[in-house]
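Listed below, chain by chain, are the residues.
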Amino acid sequence: MVGFKNRYLVMEVFLDPNKDLAADEPIIITQFNLSKAIKDSILMNFGECGLASSLNSFQVKYVNPITKLCIIRASREDHQKVWAAITMVRSIGNCPVTFSLLAISGSINACKKAALKSDELKFEQYKLMAQVQTTDDILQQMQNCLAKIKVLEH
């Protein structure tokens, strides 16, 4: 028996830097609001039929709100449609965003390795850019996020 074939996309979310300076309502990227933005984009760009076919295995597997890194699962047949829809997402909530694809893989293990490497490098960069000391709360939150990546499965 052949298993269901998936593709895993490791994406980085870039928030609008001008929005951060305003500090009106800081956007926190979660699995729910990221998934909603992508589904809305699929619906707008590919219609109801495109949305229905891509929802078969679409899932936001992991989101790190500190480093803005996420892992998205899509079926092998529809991963290009999902990728195109992600590229066309312009905002999450009221915050303008853009996406960058870091890695794409057919296995979750290869994706976990790429995500762990990228997450650790981005967190080091985050600590350097945050000119204040990182609190124990942020360090604990980052450790929790890294632990979530390590236990990801299909």
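What you see as residue numbers is a count from 1 along each chain, following the sequence as written. At least 70 in pLDDT is required for a residue's local features to be given in this predicted model, at least 80 for side-chain atom pairs to be given and counted, and no such filter applies to totals for whole chains, interfaces and linings, which use all residues. Values reported for side chains reflect all heavy atoms of the structure, with hydrogen atoms and water molecules removed beforehand.

The name given to the protein in an unreviewed UniProt entry is Ribonuclease P/MRP protein subunit POP5, with Coffea arabica as the source organism. UniProt positions are given in the numbering used here, feature names are shortened, and annotations may be inferred rather than shown by experiment. Regarding the protein, the relevant UniProt record gives this comment under Subcellular location (unreviewed entry): "Nucleus". According to UniProt, the comment filed for the protein under the heading Function (unreviewed entry) is "Component of ribonuclease P, a protein complex that generates mature tRNA molecules by cleaving their 5'-ends."

Helical geometry: 3.6 residues make up each α-helical turn, so side chains three or four residues apart lie on a common side. Burial in helix 3 (residues 79-87) covers these residues: His 79, Val 82, Ala 85 and Ile 86. Down the axis of helix 3, the smallest arc covering the buried residues is 125 degrees, so these residues share one side. Next to the buried residues of helix 3 lie strand 1 (6-15), helix 2 (31-54), strand 3 (69-75) and strand 5 (95-105). For each residue, the accessible area found with a 1.4 Å probe, counting protein chains only, is set against the maximum for its type, and the residue is called buried under 20%, exposed over 50%, and partly exposed in between. A run of H or I in DSSP counts as a helix once it spans at least four residues, and a run of E counts as a strand once it spans at least two, with each numbered from the N terminus. Note that the arc is computed from the directions linking the helix axis to the C-beta atoms. Residues count as neighbours in contact if any of their non-hydrogen atoms are within 4.5 Å of one another.

This next bit is on the nonpolar core. Nonpolar side chains in soluble globular proteins tend to be buried together. Grouping buried Ala, Val, Leu, Ile, Met, Phe, Trp, Tyr and Cys residues that are joined through side-chain atoms within 4.5 Å yields what is termed a nonpolar core. In this structure, Leu 34, Ile 38, Ile 72, Val 82 and Phe 99 are the most contacted members of the largest nonpolar core, which totals 24 residues. Sorting the residues of this core by element identifies strand 1, helix 2, strand 2 (59-64), strand 3, helix 3 and strand 5 as the ones contributing at least two each. The element contributing the most residues to this core is helix 2, with five residues. Residue contacts for Ile 72: discarding those within four places in its chain leaves Arg 7, Tyr 8, Leu 9, Met 11, Ile 38, Phe 58, Gln 59, Val 60, Val 82 and Ile 86. Ranked by size, the runner-up nonpolar core spans 17 residues in total, among them Tyr 8, Ala 103, Cys 111 and Cys 145.

A separate point is the side chain of Lys 68. Along the chain, the position of Lys 68 falls in the loop between strand 2 and strand 3. Those residues in contact with Lys 68, other than ones at most four positions away along the chain, are Met 11, Glu 12, Val 13, Leu 15 and Ile 29.

On to the side chain of Ser 41, then. With respect to the helices, strands and loops of the structure, Ser 41 is situated in helix 2. What makes Ser 41 buried here is its relative accessible area of 4%.

Attention now goes to the packing of helix 2 against helix 3. Axis definition: a line fit to C-alpha positions, over the contact stretch in the case of helices; interaxial angles, taken between N-to-C directions, run 0 to 180 degrees. Two elements in contact, helix 2 and helix 3, have axes whose closest approach is 8 Å; the angle formed by their N-to-C orientations is 160 degrees. The angle between helix 2 and helix 3 falls in the class roughly antiparallel. Judged by the sense of rotation from one axis to the other, the crossing of helix 2 with helix 3 is right-handed. Residues Ile 38, Ser 41, Ile 42, Phe 46, Gly 50, Ser 53 and Ser 54 of helix 2 form the contact with helix 3, whose own contacting residues are Lys 81, Val 82, Ala 84, Ala 85 and Ile 86. For this classification, the nonpolar set comprises Ala, Val, Leu, Ile, Met, Phe, Trp, Tyr, Cys and Pro, the charged set comprises Asp, Glu, Lys and Arg, and every other residue, Gly included, is treated as polar. When the residues that make up the contact of helix 2 with helix 3 are grouped by side-chain class, the tally is seven nonpolar, four polar and one charged. Relative orientations are named as follows: roughly parallel for angles under 35 degrees, roughly antiparallel for angles over 145 degrees, roughly perpendicular for angles from 65 to 115 degrees, and oblique for any other angle. Here a crossing is called left-handed whenever its near helix is offset anticlockwise from the far helix by less than a right angle, and right-handed whenever the offset is clockwise.

A few words on the sheet that holds strand 4 (residues 91-92). Strand pairing in a sheet takes place through backbone hydrogen bonds and is either antiparallel or parallel in direction. A pair of strands is considered paired only if DSSP assigns at least 2 bridges between the two. A sheet is described by the order of its strands in space; here five strands give the open sequence 2-3-1-5-4, paired in antiparallel fashion. The open sheet terminates on both sides in strands that have one partner only, identified here as strand 2 and strand 4. The sheet contact formed by strand 4 and strand 5 spans two bridges and is antiparallel. Paired with Ser 91 across the bridge in strand 5 is Pro 96. The sheet strands contacting helix 2 are strand 2, strand 3, strand 4 and strand 5, and the helix crosses strand 2 at an angle near 130 degrees. Along the sheet, helix 3 makes contact with strand 1, strand 3 and strand 5, crossing strand 3 at roughly 145 degrees.

Another aspect to go through is the packing of helix 4 (residues 108-129) against helix 5 (residues 136-150). Running from N to C, helix 4 and helix 5 cross one another at 170 degrees; their axes reach a closest spacing of 10 Å. One finds that helix 4 runs roughly antiparallel with respect to helix 5. Across the interface between the two elements, Lys 112, Ala 115, Leu 116, Asp 119, Glu 120, Phe 123, Tyr 126 and Lys 127 of helix 4 pack against Ile 138, Leu 139, Met 142, Leu 146, Ile 149 and Lys 150 of helix 5. Among the residues forming the contact of helix 4 with helix 5, the class breakdown is nine nonpolar, no polar and five charged.

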